[in-house]
Amino acid sequence: MTQTATKDPLLQPYQLGHLTLKNRIMTTSHEPAYPEDGMPKDRYRAYHETRAKAGVALTMTAGSAAVSRNSPPVFNNVLAYKDEVVPWMRNIADACHSHGCAVMIQLTHLGRRTHWAKGDWLPVVAPGPFREPAHRAFPKVIEDHEIDRIIQDYADAAERMQAAGLDGVEFECYGHLMDQFMSPLTNALDAPWGGGLENRARFALEVYRACRKRVGNRFLLGMRYVADEAAEGGIPVEEGIAIGHMFKQAGVDFLNVIKGQIHTDAALTDVIPVQGMRSAPHLDFAGRIRAEVGLPTFHAARIPDVATARHAVASGQLDMVGMTRAHMADPLIVTKIIEGREDDIRPCVGANYCLDRIYQAGDALCTHNAATGRELTMPQDDMIAPAPVQKRVVVVGAGPAGLEAARVAAMRGHHVTVFEAAPDAGGQLRLAAQSHRRREMIGIIDWRMAQCAARDVTFHFNTYAEAADIMAQNPDVVIVATGGMPHTDVLEDGNDLVVSSWDIIAGDVKPGARVLIYDDAGDHPALQAAEVIAGSGAHVEVMTPDRSFAPDVMAMNLVPYMRALQDKDVRFTVTYRLKSVLKNGNQLSAVIGTDYSGHRETRDFDQIVVNHGTLPLDELYFDLKPQSANKGAVDQDALIAGRAQPWQAAADQFVLYRIGDAVAARNTHAAIYDALRLVKDI
């Protein structure tokens, strides 16, 4: 079925100025932090081309390509102020255009939303002296000569993008310098750049006019802007609508609507919601802006599924709907819609591993699609080809690692059998989904179970497999994905007196009245346990020896935990280490020390919870290891390069691997990546 042969609102073409977009689905501007030396090289191209090939109509590159040297690249931004960016962007444009996909880029000056200790170590500039809490730099108040230079920098950058063959540019007018001028919360300048709305809007409009003069009318220029800061003293919706009309009158080609602020983790999370938060919370607002301003309107804010996206277009709220994180989870969304395979779409579960990694100076990765961002070495699903020889593959464990191994092996055409000791699949993710707010995590498991069922994978649940059970299958390949169990034996004394975070989350142990959670792992289970305990009305103290708590939860995922905990009897203590636990009548005495000195103190609780990762359940692996052809070895160089493992087994032998937490305590993404890169070539 072709896109034009269907009445699906998402598959209808859209005329944007002179440009015909083949459907209504786009990926909005985002910085996956894949540049090398500030340039969008082959990894960047492969990422966007994969989505273009699969049918997206418009891919918006760069979350914030920097137009000026005094906009330090705090997110590993594309450096649009360098001439050498042109051939790299041309490669992206040519690749995406070859699949009928339009290409644009977001240009910006970060203003105060960066830090001076990046890039060229130039002072951060802003239209006021107010520090952005997220990046902590105190800005220099911008001067006229800097304003003039930055306006020309924008025009130069737009000209470079036109020379690269792109279809247009989007300017970032939310949270960055344009918006810092626009907002009365951040603009402390006098006229002509500060004061009333007309003066505050002057910078954005001058940038637009300079760029339009440079690139002409056949190059699209749009604004991604805040139409309501949703903050006292900020831009109200009435001003937002007025700003939209200013942009329309100036000749802006499209609007991309934002509601809220991004200066703190909490504010950013309301603009870009994570799991447990409402889907498409600003869609109706974007529709109002479209109706009242009358410009082509784009929008993206947790539109994770096709049904929501279809409603956004069919109801007239949007002209183009952004499904950016959804395309990180599954770049084949449009192909699957066209082919009538919507049930096959890998769901975005809102884990926000992608964005949280960026804000922690990493690169964007999807928690359950390990090929995203690794398209040069890892196959997306449409690139997983049948194996030349069918093999008997046995997988032990039906957590995320085991299910990914089973799924990919089945896609390769192998005969796959899975043993699982529990009555249900899921492993630690089933435990994580016990928290109502994180229940979407089970989508990682449900999708893989459906994929396995469609490929006739055989499952044996409630089966604690031993070596003899595995050997009875006469396997060619055995993959041990048995996961791990909580490691609580970490104290000098009193290990038998503590419980694990898993015990609390699963409901196997009831919360006490005064509870210490000792978190030496920094991941989700400690805070999930804290939510359960605090919800019971108990006093909770979360203690860590680190200088910050829950670092592996990361910024945006931390926000809903804090909202759930801070109105309850919960305290957070950093830089203290639980040394031992002693019985003291019906109380437990916690002996507390620190890595910084010889200080010791003792405090009483009636329950102590330890969160210290897991220890591998590896007994089966070591039982099988001597009998395997490769003795469990992995060729590390091949693994890193994405090549097939070299091991071959004789007719009466098998090759053995272990993956996920059966190797060491890590996270869901690591478990799935282990499976994909091993099994894709089996």
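Bear in mind the structure is a predicted one, so any value in this text is a computation, not a measurement. (Residues numbered from 1 in each chain as written. Predicted model: local features only at pLDDT ≥ 70, side-chain atom pairs only at ≥ 80, totals over all residues. Heavy atoms only, no water.)

This paragraph deals with the overall build of the protein chain. The helix and strand inventory of the protein chain stands at 23 helices and 27 strands. Taken over C-alpha atoms, the radius of gyration comes to 27 Å for the protein chain, in line with the 26 Å a tight globule of 682 residues would show. Along the first, second and third principal axes, the C-alpha set of the protein chain runs to 75 × 65 × 45 Å. For the protein chain, the proportion of its 682 residues judged to be buried stands at 59%. (Helix = DSSP H or I, 4+ residues; strand = E, 2+ residues; numbered from the N terminus. Rg over C-alpha atoms; globule rule 2.2 N^0.38 Å. Buried < 20%, exposed > 50% of the residue type's maximum accessible area, 1.4 Å probe, protein only.)

Now for the UniProt feature "domain: FAD/NAD(P)-binding" (unreviewed entry) in the protein chain. In the numbering used here, UniProt assigns the "domain: FAD/NAD(P)-binding" (unreviewed entry) feature to residues 377-493. As annotated, residues 377-493 has a helix share of 30% and a strand share of 17%, and its two end C-alpha atoms lie 47 Å apart. (UniProt positions renumbered as here; feature names shortened; annotations may be inferred.)

The subject of this paragraph is the state of the cysteines. Two cysteines form a disulfide when their sulfur atoms are joined by a covalent bond. Counted under the stated rule, the structure contains zero disulfides. No disulfide involves C348; its sulfur sits 6.7 Å from the nearest other cysteine sulfur, which is in C354. Counting only cysteine sulfurs, C366 is the nearest neighbor of C452, a cysteine outside any disulfide, at a range of 17 Å. When its relative accessible area of 0% is taken as the criterion, C452 is described as buried. (Disulfide = S-S within 2.5 Å.)

With 14 residues, helix α7 (residues 237-250) extends 20 Å between its outermost C-alpha atoms, agreeing within 8% with the 20 Å of an ideal straight helix rising 1.5 Å per residue. Looking one or two residues beyond α7, the residue adopting positive phi is G251, at roughly 110 degrees. (Expected span 1.5 Å × (residues − 1).)

Glancing now at the packing of helix α14 (residues 400-411) against helix α23 (residues 668-679). The N-to-C vectors of α14 and α23 enclose an angle of 25 degrees; their axes lie 8 Å apart at closest approach. Regarding the angle of α14 to α23, the classification is roughly parallel. Of the two elements, α14 crosses α23, and the hand of that crossing is right-handed. Taken together, the residues of α23 that come into contact with α14 (itself represented by P400, A401, E404, A405, V408 and A409) are T668, A671, I672, A675, L676 and V679. (Axes fitted to C-alpha atoms, helices over the stretch in contact; angles between N-to-C directions. Parallel < 35°, antiparallel > 145°, perpendicular 65-115°, else oblique. Left-handed = near helix turned anticlockwise from the far one by under 90°. Contact = heavy atoms within 4.5 Å.)

Further remarks concern unusual backbone geometry. Note that the residue after A191, namely P192, is joined by a cis bond; omega there is 10 degrees. Secondary-structure assignment places P192 in the loop between α4 (177-182) and α5 (197-200). In this model, D37 sits at a positive phi of 55 degrees, which is unusual for a non-glycine residue. Relative to the helices and strands, D37 resides in the loop between β3 (25-27) and α1 (42-53). In this structure, A361 takes a positive phi of about 65 degrees despite not being glycine.

Let us look at the sheet that holds strand β23 (residues 587-593). Reading across from one edge, β22-β23-β24 is the order of the three strands in this open sheet, with antiparallel pairing throughout. The sheet is open, and its two edges are formed by β22 (577-584) and β24 (601-605), each paired on a single side. Adjacent strand axes in the sheet meet at a mean angle of 30 degrees, parallel and antiparallel pairs treated alike. (Pairing = 2+ DSSP bridges.)

A cluster of acidic side chains, namely E466, D469, E619 and D623, defines a negative patch on the protein surface. Take D469: its relative accessible area is 33%, and that puts it in the partly exposed class. (Patch = residues over 30% accessible without salt bridge, like charges linked within 9 Å, V, L, I, M, F, W, Y side chains within 5 Å. Areas by Shrake-Rupley, 256 points an atom, 1.4 Å probe, with all protein chains shown as cover. Salt bridge = Lys/Arg side-chain N within 4 Å of Asp/Glu carboxyl O. Lys, Arg positive; Asp, Glu negative; His and termini not counted. Charge placed at Lys NZ, Arg CZ, Asp CG, Glu CD.)

Next up on the list: the packing of helix α3 (residues 144-163) against helix α6 (residues 202-215). At a minimum axis distance of 8 Å, the contact between α3 and α6 shows a crossing angle of 40 degrees. By the angle class used here, α3 and α6 are oblique. As for the relative orientation of α3 and α6, their crossing is right-handed in sense. Here I147, I150, I151, Q152, Y154, A155, D156, A158, E159 and Q162 of α3 lie close against α6, whose contacting residues are F203, E206, V207, A210, C211, R214 and V215. Split by residue class, the contact of α3 with α6 holds eleven nonpolar, two polar and four charged. (Nonpolar A, V, L, I, M, F, W, Y, C, P; charged D, E, K, R; others polar.)

Once that is clear, we can look at the environment of G100. Relative to the helices and strands, G100 resides in the loop between α2 (85-97) and β5 (102-108). Judged by relative accessible area, G100 falls into the partly exposed class, the value being 43%. For the pair G100 and G55, spaced 45 residues apart in the sequence, the C-alpha separation amounts to 7.9 Å. Beyond its immediate sequence surroundings of up to four residues, G100 is in contact with K22 and A57.

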